[in-house]
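Spelled out from the first residue to the last, the chains are:
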Amino acid sequence: MRKKNNKKAALHNLGCKVNAYETEAMRQILEEAGYEIVDFSQKADVYVVNTCSVTNMADRKSRQMLHRAKKRNPDSIVVAAGCYVQTKTKEAQTDPAVDLIVGNNQKHRLAEAIADYERDRTKRNSLTGINGRQPYETLHMTKTAEHTRAFIKVQDGCNQFCSYCIIPYARGRVRSRKAEDVLQEVRALAENGYQEIVLTGIHLSSFGTDTGERLPKLLEDLSAVEGIRRIRLGSLEPRIITEDFVKFLSETEKVCPHFHLSLQSGCDATLRRMNRKYDTDMYQKSCGLLRKYFEHPAITTDVIAGFPGETEEEFAATERFVRQIHFYEMHIFKFSVREGTKAAAMPNQIPEQIKTIRSERLIALADQMSEEFRSYYIGRDVEVLMEEPFESEGRRYFAGYTKEYVKIALETDRDLSNSFVKGRVLGRLDDTAYLMVEF
């Protein structure tokens, strides 16, 4: 039986899908310890901010949320967890808004750490050095804030040391979750009605390199879990996209043809300065393999605009390359100086106004390519996992996503949440969704 302690807790997540998973797991830890979970905007006895440190702006947002929590209830226990406290430990230790510090690899001890703090109300650190060899921190969840799709963390840490990235210092070296542990969690989620899972990690392509397990075997085992009908993969490195791997994916029916391949730049000289471990030729071949084995795969990516030393010619090379690959979606980021990285000390930093111009050009190109990709489905039959209702111009719709993660809406008054619906795409409904008619 779940115990009660008559206390309220609120959690706020910043950053990536891995952080989101960990925040959900911490929420369940607190629920099991007897806390009532309330919205972060409400008064609570405990506030947990799962921080991010990917950019200087992320550090600033983390501090802002910690101070906002303490202001909301000065008598509350404010817990700073995650990457910011791992990279900015001294700042967190001296911040008057922070009562308790919980680093990466210590989140499983959240309830215990809070109980320890409550005994004498003395600021405490539940923090370990992350850069040595650490075991994988096992967290579990049986439900998520989303009702149809569950993100599953299977890997942590990164060994790549890209010149712009602080994450290896915040997350440590590569650590993989045991496959059986992943399977147990997914079985529990399936029993609770989840039909789609998304495998995530700080560097998902490294899964198993430290344990001898392999991603294809994990996917094969997950495909056998009853109730799971879709499996998505988080961000992948181009180097993992071999012919054997893609052929396997295409033969694994539950794997969605929706692939996020990190790019960052379409210029080889810039990629070398970034310390990326591939070039544009390798990247293009990876995309070619995906299109060889899948009819119309959704390929998405990230691109950084204005990396130090990026000339107009190098930026033009990136524009040509992304247009040639023709992505479904691109996430565009202006280069942000991150203290502690090699890129922060590089010469020829790009002025902010030039970074803005370049990012806007890439965003316009991304919007054009996304519309072209989605329009392919007009007149075609699709299967949609429905997620949520919405209204538009007085009409009621239910919307969900295809395997390719194209948002599709159906006009209906029915509650279709977490159900699969088949139909034919009629055309564009609005900027975010296409309209279909049900069979």
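## Some thoughts on the overall build of the protein
A count of helices and strands for the protein gives 13 helices and 18 strands. Rg of the C-alpha trace for the protein: 22 Å, near the compact-globule value of 22 Å for 439 residues, within the 12% margin. Projected onto its principal axes, the C-alpha coordinates of the protein cover approximately 65 × 60 × 50 Å. Relative to its 439 residues, the protein shows a buried fraction of 55%. Within the protein, residue pairs in contact and separated by at least 24 positions form 73% of the contacts whose partners lie at least 6 positions apart. About 19,500 Å² of surface is accessible on the protein, with carbon and sulfur atoms providing 48% of the total. Of the charged side chains in the protein, 66 are positive and 64 negative; the average position of the first set lies 4 Å away from that of the second.

## A few points about the packing of helix H11 (residues 280-293) against helix H12 (residues 312-325)
Where H11 meets H12, the closest approach of the two axes is 11 Å, and the angle between their N-to-C directions is 15°. Judged by the angle between their axes, H11 and H12 are roughly parallel. Crossing of H11 over H12 shows right-handed handedness. Facing H11, whose interface residues are Thr280, Tyr283, Gln284, Cys287 and Arg291, H12 presents Phe321, Gln324 and Ile325. Tallied by class, residues from the contact of H11 with H12 come to 4 nonpolar, 3 polar and 1 charged.

## Notes on the sheet that holds strand S5 (residues 100-102)
Taken in spatial order, the 6 strands line up as S2-S1-S3-S4-S5-S6 in an open sheet, and their pairing is parallel. Edge positions in the sheet fall to strand S2 (36-37) and strand S6 (124-126), since each of these pairs with one other strand and no more. Here 3 bridges tie S5 to S6, and the two strands are oriented parallel to one another. In the sheet register, Val102 faces S6, and the bridge partner there is Ser126. Packed onto the sheet, helix H1 (residues 17-32) meets strand S1 (8-13), S2, strand S3 (46-51) and strand S4 (77-82) and runs at close to 175° relative to S1. Across the sheet, helix H2 (residues 56-72) touches S1, S3 and S4, and the angle it forms with S3 is around 175°.

## Description of the sheet that holds strand S16 (residues 407-411)
Here 5 strands make up a closed barrel; going around it, the order is S14-S15-S16-S18-S17 and the pairing mixed. For this sheet, the mean inter-axis angle between neighbouring strands, taken without regard to orientation, is 50°.

## Some details on the pairing of S4
In terms of burial, S4 is a largely internal element, 6 of the 6 residues being buried. The pairing of S3 with S4 spans 6 bridges and is parallel. Bridge assignment links Val48 to a residue of S4, and that residue is Val79. In this view, the connection linking S3 to its parallel neighbour S4 by way of H2 has right-handed handedness.

## Observations regarding the pairing of strand S15 (residues 395-401)
Counted residue by residue, S15 has 5 buried out of 7 residues, so it is predominantly covered. Here strand S14 (residues 381-392) pairs with S15 via 7 bridges, running antiparallel. Residue pairing for S15: Met386 is matched across the bridge by Gly400. Counted between consecutive antiparallel strands, the loop separating S14 from S15 contains 2 residues, among which Glu393 sits at a positive phi close to 55°. Note that S15 and S16 share 5 bridges and pair antiparallel. The partner of Tyr401 across the bridge, within S16, is Lys407. If you look at the hairpin formed by S15 and S16, you'll find 5 residues sitting between the two strands, and Tyr405 has a positive phi there, around 65°.

## So, the pattern of salt bridges
In this structure the tally under the stated criterion is 41 salt bridges. Salt-bridge contacts for Lys247 lead to Glu251; the nearest nitrogen and oxygen are separated by 2.7 Å. Pair noted here: Lys247 and Glu251 are both in helix H9 (residues 243-251), with a separation of 4 residues, about one helical turn. The exposure class of Lys247 is partly exposed, given its relative accessible area of 37%. For the salt bridge of Asp281 with Lys285, the shortest nitrogen-to-oxygen distance reads 3.2 Å. In this pair, Asp281 and Lys285 both sit in helix H11, 4 residues apart, roughly one turn of the helix. When salt bridges with common partners are traced through the structure, they connect Glu22, Lys107, Lys153, Asp156, Arg171 and Arg175 into a single cluster.

Rules of the game
- Residues numbered from 1 in each chain as written.
- Predicted model: local features only at pLDDT ≥ 70, side-chain atom pairs only at ≥ 80, totals over all residues.
- Heavy atoms only, no water.
- Helix = DSSP H or I, 4+ residues; strand = E, 2+ residues; numbered from the N terminus.
- Rg over C-alpha atoms; globule rule 2.2 N^0.38 Å.
- Buried < 20%, exposed > 50% of the residue type's maximum accessible area, 1.4 Å probe, protein only.
- Contact = heavy atoms within 4.5 Å.
- Areas by Shrake-Rupley, 256 points an atom, 1.4 Å probe, with all protein chains shown as cover.
- Lys, Arg positive; Asp, Glu negative; His and termini not counted.
- Charge placed at Lys NZ, Arg CZ, Asp CG, Glu CD.
- Axes fitted to C-alpha atoms, helices over the stretch in contact; angles between N-to-C directions.
- Parallel < 35°, antiparallel > 145°, perpendicular 65-115°, else oblique.
- Left-handed = near helix turned anticlockwise from the far one by under 90°.
- Nonpolar A, V, L, I, M, F, W, Y, C, P; charged D, E, K, R; others polar.
- Pairing = 2+ DSSP bridges.
- Right-handed = clockwise from strand over helix to strand, strands pointing away.
- Salt bridge = Lys/Arg side-chain N within 4 Å of Asp/Glu carboxyl O.

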